[in-house]
Amino acid sequence: MLVSFLSPQQQERYGQFCGDPTPDQLARCFHLDDADLAFVHSHRGAHMRLGCAIQLGTVRFLGTLLEDPTAVPASVARFVADQLGITVDGHLDAYRANRWRWRHPIEIRAQYGYRDITDVGVGFRLGRWLFALCWTGTDRPSVLFDRASDWLLTHKVLLPGTSTLERFIAR
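Below: a short report on this structure. (Residues numbered from 1 in each chain as written. Predicted model: local features only at pLDDT ≥ 70, side-chain atom pairs only at ≥ 80, totals over all residues. Heavy atoms only, no water.)

1. A short note on the overall build of the protein
We apply this condition: Helix and strand assignments come from DSSP, with helices taken as H or I runs of at least 4 residues and strands as E runs of at least 2, each series counted from the N terminus. For this measure, only C-alpha atoms enter the radius of gyration; the expected value for a globule follows 2.2 Å times N^0.38, where N is the number of residues. Only protein chains enter the accessibility calculation, which uses a 1.4 Å probe; a residue whose area is less than 20% of its type maximum is buried, one above 50% is exposed, and one in between is partly exposed. The contact definition used throughout considers only heavy atoms, calling two residues in contact when any of these lie within 4.5 Å.
Across its full length, the protein holds 10 helices and zero strands. In the protein, the order of α-helices and β-strands from amino to carboxyl end is α-α-α-α-α-α-α-α-α-α. Taken over C-alpha atoms, the radius of gyration comes to 17 Å for the protein, in line with the 16 Å a tight globule of 171 residues would show. Considered along the principal axes of its C-alpha atoms, the protein spans approximately 50 × 30 × 30 Å. Per-residue burial for the protein yields a buried fraction of 42% across its 171 residues. At a minimum sequence separation of 6, the contacts of the protein that also span at least 24 residues come to 75%.

2. Some points on the layout of surface pockets
Note the following rule: The rule is simple: put a 1 Å grid over the protein atoms alone, call a set of points where a 1.4 Å probe fits but cannot get out a cavity, call an open set with protein on both sides within 12 Å along at least five of seven lines a pocket, and count a residue as lining if it has an atom within 4 Å of a point. Grid points are joined across faces, edges and corners, and a volume is the space filled by probe spheres set on the points.
The calculated volume of the largest pocket comes to roughly 450 Å³. In terms of lining residues, the largest pocket is bounded by 21 residues, among which Arg13, Gly15, Phe61, Leu62 and Asp150 are the most central. Sorting the residues of the lining of the largest pocket by element identifies α1 (8–13), α2 (23–29), α4 (46–62) and α9 (141–154) as the ones contributing at least two each. Ranked by residues supplied to the lining of the largest pocket, first place goes to α9 with five residues.

3. Let's talk about the packing of aromatic side chains
Each aromatic ring pair is characterised by the separation of its centres together with the angle its planes make. We count it as follows: When the centres of two rings from Phe, Tyr and Trp lie within 6.5 Å, Trp using its six-membered ring, the rings pair. Their planes under 30 degrees apart give stacked, over 60 give edge-to-face, and anything left gives tilted.
Enumeration over the complete set of coordinates arrives at five aromatic pairs. Between the aromatic rings of Phe17 and Phe61, the centroid separation amounts to 5.5 Å while the plane-to-plane angle is 15 degrees, which identifies the pairing as stacked. Note that Phe17 is positioned in the loop between α1 and α2 and Phe61 in helix α4, a separation of 44 residues in sequence. For the pair formed by Phe17 and Phe61, the shared burial category is buried.

Given below as structure tokens:
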């Protein structure tokens, strides 16, 4: 079933940084508490700690892990690096080149409880919530898409691809 109701702007900003986060967003999503610091410091090398911390903040902020985990605004990298007491210089390039960085998404998911939309009960709960919205309101599918994205982020569910979520909402 071919479904496409998103505007080009929605497709472009879905699961991506759209400019620099505000200071409030940085504090809410990229602040590392004691448990976060213990998790991040369990990794060897400043570049691995910086990269892991950036990925952790990114999944909190965007609800997804980026294909290139270092493709974040400079303000994000500086904010995280300042908390770790290191500089950004060269560390992001070293992290991008390191093959062990692919383990961090798995570790973050296990440590912080992030799930997929295909996990047991997640799709059902989202579907039930969307059904209630449709029953009580007149929201367009594009609005439901944004609300579903917010629901997924709030419930620590990794964002699926745009077409997957579009088909889910269309059903």
